[in-house]
Amino acid sequence: MTEARRAPGRIEHKKMNHFRHAETPEAVGLGFRPNSGPDCKPLILVVDDEEFLRSLTRRLLEAEGYRILEAADCDSARTLWQKHKGDIALLLADIALGGANSGWQLAADFRRENAALKVVFNSGHCPDALPGNLAIEPCCWCVQKPCDAARLTQTVRLALEQS
């Protein structure tokens, strides 16, 4: 991608480097941590088996400055969790991920390893599908699908701010 800069009497083109998450140096094994530093926003793991909704959620949260990992199923989510569990601040998951897999089971398993993990469920099954032990925990929030962008980003922000 190029950026056009206008100087008096001429236009100058400067090459811009834009990485998608999968193309970052970290993803290709160079050990670089994108968006690290004191002003970076938290890392969120988004798990949804619907590619369109997962991609839309990623773009929405990235626009708010959050760092995003995404997974289409429980196995992919567990792989990302093992690699990044020390950095993931919030799990944003669909409750029903197909088959015996569920977002609430991921949340329960991940919270056994990191009790500080915040959880937001984005599902058409909220809140009735939450098992009792997760439904009463203050770490767990639920946003009913479909929801608007403002409600989702507000819920994520509130969940992360809660101590």
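Residues numbered from 1 in each chain as written. Predicted model: local features only at pLDDT ≥ 70, side-chain atom pairs only at ≥ 80, totals over all residues. Heavy atoms only, no water.

J.: Any chance you could explain the side chain of K118 here in plain terms?
T.: Position of K118 among the secondary structure elements: in strand 6 (residues 118-123). A polar atom in the side chain of K118 sits 2.8 Å from the backbone oxygen of Q162. (Helix = DSSP H or I, 4+ residues; strand = E, 2+ residues; numbered from the N terminus. Polar contact = N/O pair within 3.5 Å; in protein donor to acceptor, adjacent residues only side chain to side chain.)

J.: Just to check I follow, could you spell out the pattern of salt bridges for this structure?
T.: Pairing is possible between side chains of opposite charge, provided their charged atoms come close. Following the criterion strictly, the structure yields ten salt bridges and no others. Linking R58 and E70 is a salt bridge whose minimum nitrogen-to-oxygen distance equals 2.5 Å. Of the two residues, R58 sits in helix 1 (residues 51-63) while E70 sits in strand 4 (residues 67-71), which places them twelve residues apart along the sequence. What makes E70 partly exposed here is its relative accessible area of 29%. (Salt bridge = Lys/Arg side-chain N within 4 Å of Asp/Glu carboxyl O. Buried < 20%, exposed > 50% of the residue type's maximum accessible area, 1.4 Å probe, protein only.)

J.: Where do I start with the sheet that holds strand 6 in this structure?
T.: Strands pair in a sheet through their backbones, by hydrogen bonds, and they do so in one of two ways: parallel or antiparallel. Reading across from one edge, 4-3-5-6-7 is the order of the five strands in this open sheet, with parallel pairing throughout. The open sheet is flanked by strand 4 and strand 7 (140-144), the only strands paired with a single partner. For this sheet the average axis-to-axis angle between neighbouring strands, irrespective of direction, equals 20 degrees. With respect to the sheet, helix 2 (residues 74-84) is in contact with strand 3 (43-47), strand 4 and strand 5 (88-93), its orientation differing from that of strand 4 by roughly 140 degrees. (Pairing = 2+ DSSP bridges. Axes fitted to C-alpha atoms, helices over the stretch in contact; angles between N-to-C directions. Contact = heavy atoms within 4.5 Å.)

J.: What is the right way to read the confidence of the model for the chain from this model?
T.: When pLDDT is low, close inspection of the predicted coordinates is not appropriate. In this model, the chain carries a mean pLDDT of 76, and residues with pLDDT of at least 70 account for 66%. Note that residues 1-33 has pLDDT below 50 and, in this model, 35 contacts with residues that lie over four places away or in other chains. (pLDDT = per-residue confidence, 0-100.)

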